[in-house]
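Chains, contacts and geometry: an overview
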Amino acid sequence: GLVGFPNAGKSTLLSRISAAHPRIADYPFTTLEPQLGIVRWNELDTFVMADLPGLIEGAHEGKGLGTRFLRHIERTRSLLFMLECTSDDLTRDFETLRSELGEYNEELLKKPFAVALTKCDLLPPDDEPGAAFETLCSARFRISAVSGSGVQSMVTSLGSALTQLRRAEQTDG
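Throughout, a residue's number is its position along its own chain's written sequence, starting from 1. Thresholds applied to this predicted model are a pLDDT of at least 70 for local features of residues and 80 or more for the giving and counting of side-chain atom pairs; totals over whole chains, interfaces and linings are not thresholded and use all residues. As a convention, hydrogens and water are excluded, and side-chain values are obtained from all of the structure's heavy atoms.

Regarding a nonpolar patch on the surface
Patch rule: a residue counts if its relative accessible area is over 30% and it has no salt bridge; like charges are joined within 9 Å, and nonpolar side chains (Val, Leu, Ile, Met, Phe, Trp, Tyr) within 5 Å. In these tables, accessible area is a Shrake-Rupley quantity obtained with a 1.4 Å probe, and a residue counts as shielded only by the protein chains included in the view. Take a side-chain nitrogen of Lys or Arg and a carboxyl oxygen of Asp or Glu: if they are within 4 Å of each other, that pair is a salt bridge. A contiguous nonpolar surface patch, about 330 Å² in accessible area, is contributed by Leu36, Ile38 and Val48. Strands here mean DSSP runs of E at least two residues long; helices mean DSSP runs of H or I at least four residues long; both are numbered from the N terminus. Relative to the elements of secondary structure, Ile38 occurs in strand β2 (residues 35-40). Exposure remark for Ile38: the relative accessible area of 58% places this residue in the exposed category. Here's how the labels work: a residue is buried when its accessible area is under 20% of the maximum for its type, exposed when over 50%, partly exposed in between, all with a 1.4 Å probe on protein chains only.

Right, here's the structure in full:
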């Protein structure tokens, strides 16, 4: 499941890596219902990616239809937090999203996750996101869904991680 603030590039990513055609626009809350896409990550394997509506601070209290959006996250196996590279504070953004999930349902914080720094085509070529991005988690990616930069390696990594997760679930259950 793709988790991020409105306009973080969730729908653009889904349209780039699947045959899904979510509505894409440059204004908040373009996505009001989850959009699903089947993502082929290698020659034989696929996974389903869910483009979830954007969250805002206070979503767990219903702000911006937040509780309606958050309930869809419960159905996902893992999460991809999408943070805009132009943010003034990536750590704060990440913590705000995680806090909204935890305030809604603490079980959501137990889901495996990765972090994608989006819209990296907006950065100068030599600009780095800084130490904050490096400390968010071990599975992190710098991508541009518009240019395609970093997208395929991220998809391959996510597909491999999901395959391992499925295997672990089969042996545990």
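As for unusual backbone geometry
Leaving glycine out, the prevailing phi sign among residues is negative, and the prevailing peptide bond configuration is trans. With a phi close to 65°, Asn7 is a non-glycine residue in the positive phi region. You can call Asn7 partly exposed: its relative accessible area is 22%.

Quick look at the packing of aromatic side chains
Each pair of aromatic rings taken from Phe, Tyr and Trp, with Trp reduced to its six-membered ring, is defined by centres within 6.5 Å and is described as stacked if the planes are under 30 degrees apart, edge-to-face if over 60, and tilted in the remaining cases. Applying the stated rule across the entire model yields 3 aromatic pairs. When the centroid spacing of 5.5 Å and the interplanar angle of 85° are considered together, the rings of Phe81 and Phe113 count as edge-to-face. Here the residue Phe81 occupies a position in strand β4 (residues 79-84), and Phe113 occupies one in strand β5 (residues 113-118), the gap between them amounting to 32 residues. On the accessibility criterion, Phe81 (0% relative accessible area) is buried.

What about the pairing of strand β3 (residues 46-51)?
Strand pairing follows a simple DSSP-based rule, namely that at least 2 bridges must link the two strands. Bridge count for β2 against β3 is 6 bridges, and the pairing is antiparallel. Within the sheet, the bridge partner assigned to Val39 lies in β3 and is Phe47.

Brief notes about the pairing of β5
Of all 6 residues in β5, 5 are buried, a share of seventy percent or more. Relative to β5, β4 runs parallel, the two sharing 6 bridges. When the bridges of β5 are listed, Phe81 appears paired with Val115. A crossover counts as right-handed when, viewed with the strands pointing away from the observer, the path leading from the first strand over the helix to the second turns clockwise. Crossover handedness for the path β4 to helix α3 (residues 90-104) to β5: right-handed. As judged from the 3 bridges shared by β5 and strand β6 (residues 140-142), these two strands associate in the parallel manner. Bridging across to β6, Ala116 finds its partner in Phe141.

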